[in-house]
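Residues per chain are reported as follows:
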Amino acid sequence: APVASSLCVRYTHRAVVVTGGLLASSGMALGFLGLNMVWMYATTGFLQGLGISFSWTPAISIVSHYFSKRRALANAIASAGECAFAFTFGPFFQWLISQYGWKGALLIIGGIQLNICVCGVLMRPLASSSLHSGTETLPGNGTSGKDKEDKFAMAHKTFNWMLVRRPEFVLYAIFGILAAMSFFVPPLFLVPLSHSLGIDESWTASLLSILAIVDFAGRLLCGWYANLHAVKTVHLLTMTITLISTSLMLLPLASSYLSLAIFAGCYGFFFGTTVAIHITVLADVVGMSDFDSALGLFMLIRSSGGFVGPPLAGLIVDMTGDYRAGFYMAGATLVLSAGLLVTLDQLQLRKERGSQTHTTSEKSTLPYPSLHLPKLQ
């Protein structure tokens, strides 16, 4: 992710997405050869993972650059494609494997992933959409629109690694680690938990479909609500994280398919609301001038939580012999992440008050009156 972000800063989002599409497609297509496990790690693992990162990071970034007032809604709609994928392509991939085998399925999926390049070509660089032509002069000064664009572009040609020294970004990155530790746990243990409750296997498969549907609804609804600007996005994110943790704490209490589906649906809905706005909150924390750098660093740091969370939950389940323990662990971790968001909000409020006090003190300080001698006639 940081490599993708730095390339976006140096070149364009379009070029990085197209490159990512080629890498992802090549990784899946080369996996078709299936020479050995090392080969599979290098192709379907490393090469495709690199391509997906090159595709996903710029795609999210360019949406935030294009929209300001409706950024939350735009991010929600853009991210809703993940839900459509989970609901539609999962059964489709299973059908491909049954018809063509896993090798043939990898080759076909690699071909499908070439469409990422088509999407990348359609991502027009923001500077080219300026309303001012290269020779037009903006009102009030003698600087042309083209000159302003060039100066802005030159000022943002470097990746800002110093974001790790900003307390607001560090707090939000730690929040990302704790959240990622929890988000990957429920989909892993939901089906085994339902089996342990004696629920028929034909019904358990529908739980993941329910998650995808309510996740989709949650993203769109939260994006629409955030667009109203009724509350600060960080407050809305804190509320959704709290509701997710509550859902995870209550989910182990389910004793039937209906109750399990209700709690799982609540988790999926509030998870969707969180995904819809957490990138918007990142933009609010660091500002759009450093957003590309912040997104890359945030994804890098957050991924450590996704790497640690599922094994830790699995260890706890093995020690206790109960799948419910994994959900309790995920809920408790989200409670800690909500606390970090509250701390972040207080830090931002303190800075805002400090800047307002400084501005007020400057305005209240009157300059020394200048002496005007009478002019001799």
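The notes below deal with the structure included here. In this text the structure is predicted, and so the values were computed from the model without any measurement. Along each chain, numbering runs from 1 in the same order as the chain's sequence is written. Confidence filtering applies because this is a predicted model: local features only for residues at pLDDT of at least 70, side-chain atom pairs given and counted only at 80 or more, and all residues used for totals across whole chains, interfaces and linings. With hydrogens and water set aside, each side-chain value is computed from the structure's full complement of heavy atoms.

1. Points about the side chain of serine 55
With respect to the helices, strands and loops of the structure, serine 55 is situated in helix α3 (residues 37-66). Classification of serine 55 by relative accessible area gives buried; the value is 9%. Within the structure, serine 55 has its side chain in polar contact with the backbone nitrogen of glycine 21 (distance 3.5 Å). By definition, residues are in contact when any of their heavy atoms lie within 4.5 Å. Every residue in contact with serine 55, bar those within four places of it in the chain, is listed here: Val17, Gly20, Gly21 and Ile116. Labels follow the DSSP assignment, with helices taken as runs of H or I lasting at least four residues and strands as runs of E lasting at least two, numbered in each case from the N terminus. Relative accessibility decides the category of a residue: with a 1.4 Å probe and only protein chains considered, values under 20% of the type maximum give buried, values over 50% give exposed, and everything between is partly exposed. Under this definition, polar contacts are N or O atom pairs within 3.5 Å; protein pairs additionally need one hydrogen-donor-capable and one acceptor-capable atom, and for neighbouring residues in sequence, both atoms have to be side-chain atoms.

2. Looking at the packing of aromatic side chains
In summary, the pairing rule links any two rings of Phe, Tyr or Trp, Trp by its six-membered ring, whose centres are within 6.5 Å, and it sorts them by plane angle into stacked for under 30 degrees, edge-to-face for over 60 and tilted for everything else. The final tally for this structure, using the stated rule, is nine aromatic pairs. Geometrically, the ring pair formed by tyrosine 172 and phenylalanine 175 is tilted, given 5.2 Å between the ring centres and 35 degrees between the ring planes. Pair noted here: tyrosine 172 and phenylalanine 175 are both in helix α8 (residues 167-183), with a separation of three residues, about one helical turn. Take tyrosine 172: its relative accessible area is 1%, and that puts it in the buried class. Exposure remark for phenylalanine 175: the relative accessible area of 3% places this residue in the buried category. In textbook terms, an aromatic cluster arises when at least three aromatic residues are bridged by ring pairs, as seen for Phe92, Phe93, Trp95 and Tyr100. Between arginine 10 and the ring centre of tyrosine 11, over which it is positioned, the NZ or CZ distance is 5.4 Å. Any Lys NZ or Arg CZ found within 6 Å of a ring centre and within 35 degrees of that ring's normal is scored as a charge over the ring.

3. Observations regarding the pattern of salt bridges
Opposite charge on two side chains lets them pair, provided their charged atoms get close. One speaks of a salt bridge when a side-chain nitrogen belonging to Lys or Arg is within 4 Å of a carboxyl oxygen belonging to Asp or Glu. Counted by the stated rule, this structure contains five salt bridges. We note a salt bridge from lysine 351 to glutamate 168, for which the minimum N-O separation is 2.6 Å. Taken together, the residues span a long stretch of sequence, with lysine 351 in helix α14 (residues 324-364) and glutamate 168 in helix α8 at a distance of 183 residues. Under the relative-accessibility criterion, glutamate 168 is labelled buried at 7%.

4. What about the state of the cysteines?
Defined by distance alone, a disulfide is two cysteine sulfur atoms within 2.5 Å. With the rule as written, the count across this model stands at zero disulfides. Of the cysteine sulfurs around cysteine 117, a residue in no disulfide, the closest is that of cysteine 119, at 9.1 Å. Residue class for cysteine 117 comes out buried when judged on its relative accessible area of 12%.

5. A closer look at helix α13 (residues 291-320)
Taking 1.5 Å per residue, 30 residues should reach 44 Å; α13 reaches 42 Å between its end C-alpha atoms and fits that length. Just downstream of α13, glycine 321 is the residue with a positive phi angle, here 70 degrees. An expected span of 1.5 Å times one less than the residue number is assigned to each helix.

6. What about α3?
The α-helix winds at 3.6 residues per turn, so residues separated by three or four positions along the chain end up facing the same way. Its 30 residues place the ends of α3 42 Å apart at the C-alpha level, agreeing with the 44 Å of an ideal helix rising 1.5 Å per residue. The N-capping residue of α3, defined by a side-chain oxygen 3.2 Å from the backbone nitrogen of valine 38, is asparagine 36.

7. A look at a nonpolar patch on the surface
Note on patches: the residues involved have over 30% relative accessible area and no salt bridge, like charges join within 9 Å, and the nonpolar side chains Val, Leu, Ile, Met, Phe, Trp and Tyr join within 5 Å. Using the Shrake-Rupley algorithm and a 1.4 Å probe, accessible areas are obtained, with residue cover drawn only from the displayed protein chains. A contiguous nonpolar surface patch, about 420 Å² in accessible area, is contributed by Leu30, Phe32, Leu33, Leu35 and Leu107. Considering the arrangement of structural elements, one finds leucine 30 in helix α2 (residues 13-31).

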